[in-house]
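Breakdown of the fold
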Amino acid sequence: MAPKGKIKVLILGSGGREHALLKVCLRSPRVSDVFVAPGNGGMAMEAKCYPVDLSKPASVLDLVQRVEADFVIVGPEVPLANGVVDALEAAGISTYGPLAAGARLEASKAFSKDFLFKHKIPTAAAETFHRLSDALDYVRKQSMPIVIKASGLAAGKGVVIALTLAEAEEALRAMMEAKVFGASGDEVVIEEFMQGEEASIMLMVCGEEYLMLPASQDHKRVGEGDTGLNTGGMGAYAPTTVVTPEVERRLRDEIIVPTLRGLKADGIDYRGTLYVGIMVTATGPRVVEFNVRFGDPECQVLMPMLETDPVEIMESIAAGTFRSSSVKLRSGSTIIVVLAAGGYPGDIRKGDVIELPTQLPEGVDIVHSGTQRLSDGRIVTAGGRVLGVVAHGATLKEAVKKAYAVVPQVRFEGCHYRRDIGYRQLRRDEGV
Ligand code: AMP
Ligand code: GLY
């Protein structure tokens, strides 16, 4: 159980995911104060924000000690991969997020594929390469489509699905020769293409004990009907019935349990979020990728699905005492519609003033991502994904209706969004 006495929390990050985590902390009876580093325009309206270089564990530790935080929640992957949790825990500061050893599951696709193969967890066949000539020889013998991935962190952009051999060769040259992702392309994974529908599985993990949050679906393409360029995610909803009870059973037995067992067997004491991206294929669920943090925008739809205080869950995971049987989930569905800046996912406009509704209906909230608060209090655009409208309803249909009623009340030059978030599930719900 969580220790008594209220706590001061520091949230690391600046996206919609971290704004959703801030809202959780502001509602939590466990929390006396909450700070954010570095934060965004929306977070600045609700909490004190501090500038910090999240990639530097020493700078983060210094800030934690300055604000006297009792508990730290790490949002994004870079501080995790760089050992921020290791540094904080060594200084005796309780932190939610895996140590660097566990964060390798996201930081190195080569490591994560080796882990999956070693523990016989269903995933796409793959080979890892360090030399362009070897990669080219290999890819010329494969059938298309094929998937080419920069092994290191590439902010979600290091994956190319090549439909032809020419595209595959071009992707390999870009990563391994032109180094478009820098050192992240020194090692490249070439992977079998898996056919199916994707789902995001968010686990809150404490060793072999875990909570599986409702399965969600992201919408990665910029255009309606999943067309156009890839983005960080234009919207999400949960739960999704792409994960049927049978898929869920196989997911738990064939993927989750062997993964947590494998981590333990490999000497990794994993505590934090484990995001398992799966493809629901004709032969069952298979792992597309691991991330070691909440998805963005999945986090924004999952936090409202928890009836139990998420802060209490995170604290008990950090302490190693978590029991999933104590957690209660809410019924209904949640959706987020992301509003993006002009030009996104290419070169974006910045600095456009954002007009926000002064009042929101019950069950609707606005979560900021790429926004900045000016000294005169105005909020302007400052990133590709600007903000999201989150709505909870008894059904997905109701949540969709609520969200899209508010979306047009948010105005800024160049704003664009998808009008079809949740469409696959709406079709399934209607039996189409
Ligand atoms: P990743 O960064 O590994 O999640 O890849 C980004 C996206 O590329 C995934 O969300 C999938 O949509 C797609 N993708 C990655 N690997 C595969 C694969 N082996 N087969 C089909 N699609 C894939
Ligand atoms: N929404 C996908 C991700 O957070 O990686």
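Throughout what follows, the structure given in this document is the object of discussion. Note that this is a predicted model, so its numbers are computed, not measured.

Working note: non-glycine residues mostly have negative phi, and peptide bonds are mostly trans. With omega at -5 degrees, the peptide bond leading from Met144 into Pro145 counts as cis. Its place among the elements puts Pro145 in the loop between helix H8 (132–139) and strand E7 (146–150). Here Asp296 and Pro297 are connected by a cis peptide whose omega angle stands at 25 degrees. You can see Pro297 is positioned in the loop between strand E17 (284–291) and helix H11 (298–302). Phi is positive for Asp226, close to 60 degrees, though the residue is something other than glycine. Mapped onto the secondary structure, Asp226 falls in the loop between strand E13 (221–223) and strand E14 (227–230).

So, on to the sheet that holds strand E6 (residues 126–129). With antiparallel pairing, four strands are arranged side by side in an open sheet as E6-E9-E7-E8. The sheet is open, and its two edges are formed by E6 and strand E8 (159–162), each paired on a single side. Along the sheet, successive strands turn relative to each other by an average axial angle of 20 degrees, direction set aside. Bridge count for E7 against strand E9 (residues 188–192) is five bridges, and the pairing is antiparallel. In the strand pairing of E9, Val147 is matched with Glu191. Contacts from H8 reach E6, E7 and E9 within the one sheet, and its direction differs from that of E6 by about 155 degrees. Contacting E6, E7, E8 and E9, helix H9 (residues 165–176) crosses the sheet at an angle of about 5 degrees to E7.

With that out of the way, let us pick up the sheet that holds strand E15 (residues 235–238). Sheets are built from strands that pair by backbone hydrogen bonding, the pairs being arranged parallel or antiparallel. On the basis of which strands lie adjacent, the open sheet formed by five strands has the order E12-E15-E18-E22-E19 and antiparallel pairing. The open sheet terminates on both sides in strands that have one partner only, identified here as strand E12 (217–218) and strand E19 (364–368). Across the face of the sheet, helix H13 (residues 396–406) comes into contact with E15, strand E18 (333–340), E19 and strand E22 (385–393) while running at roughly 140 degrees to E22.

What follows is about helix H1 (residues 16–27). The end-to-end C-alpha distance of H1, which contains 12 residues, comes to 17 Å, matching closely the 16 Å that a straight helix rising 1.5 Å per residue would cover. H1 sits mainly inside the fold: 10 of its 12 residues count as buried. Along H1, the residues that are buried comprise Gly16, Arg17, Glu18, His19, Ala20, Leu21, Leu22, Lys23, Val24 and Cys25.

The subject of this paragraph is a nonpolar patch on the surface. Residues Val159, Ile161 and Leu163 make up a contiguous nonpolar surface patch of about 260 Å² in total accessible area. Inspection of the secondary structure assignment puts Val159 in strand E8.

Right, let's talk about the pattern of salt bridges for a bit. Tallying each qualifying case throughout the model produces 35 salt bridges. Ionic pairing is found between Arg293 and Glu77, a salt bridge with its closest N-O pair at 3.2 Å. A residue pair is termed long-range when its members are at least 10 positions apart, and Arg293 in the loop between E17 and H11 and Glu77 in helix H4 (residues 77–81) qualify at 216 residues. Taking the shortest distance from any N to any O, the salt bridge between Arg418 and Asp226 comes out at 3.1 Å.

On to the packing of H8 against H9. For any two helices packed against each other, one specifies the crossing angle of their axes together with the interaxial distance. H9 packs onto H8 with a crossing angle of 165 degrees between their chain directions and a minimal axis gap of 10 Å. As the angle between them shows, H8 and H9 are arranged roughly antiparallel. Between H8 and H9 lies a crossing whose hand is right-handed. Contacts between H8 and H9 involve Leu132, Ala135, Leu136 and Val139 from the former and Leu165, Ala168, Glu169, Leu172, Arg173 and Met176 from the latter. Here the contact of H8 with H9 is composed, by residue class, of eight nonpolar, no polar and two charged.

Rules used throughout
Residues numbered from 1 in each chain as written. Chains lettered and ligands numbered in written order. Predicted model: local features only at pLDDT ≥ 70, side-chain atom pairs only at ≥ 80, totals over all residues. Heavy atoms only, no water. Helix = DSSP H or I, 4+ residues; strand = E, 2+ residues; numbered from the N terminus. Pairing = 2+ DSSP bridges. Axes fitted to C-alpha atoms, helices over the stretch in contact; angles between N-to-C directions. Contact = heavy atoms within 4.5 Å. Expected span 1.5 Å × (residues − 1). Buried < 20%, exposed > 50% of the residue type's maximum accessible area, 1.4 Å probe, protein only. Patch = residues over 30% accessible without salt bridge, like charges linked within 9 Å, V, L, I, M, F, W, Y side chains within 5 Å. Areas by Shrake-Rupley, 256 points an atom, 1.4 Å probe, with all protein chains shown as cover. Salt bridge = Lys/Arg side-chain N within 4 Å of Asp/Glu carboxyl O. Parallel < 35°, antiparallel > 145°, perpendicular 65-115°, else oblique. Left-handed = near helix turned anticlockwise from the far one by under 90°. Nonpolar A, V, L, I, M, F, W, Y, C, P; charged D, E, K, R; others polar.

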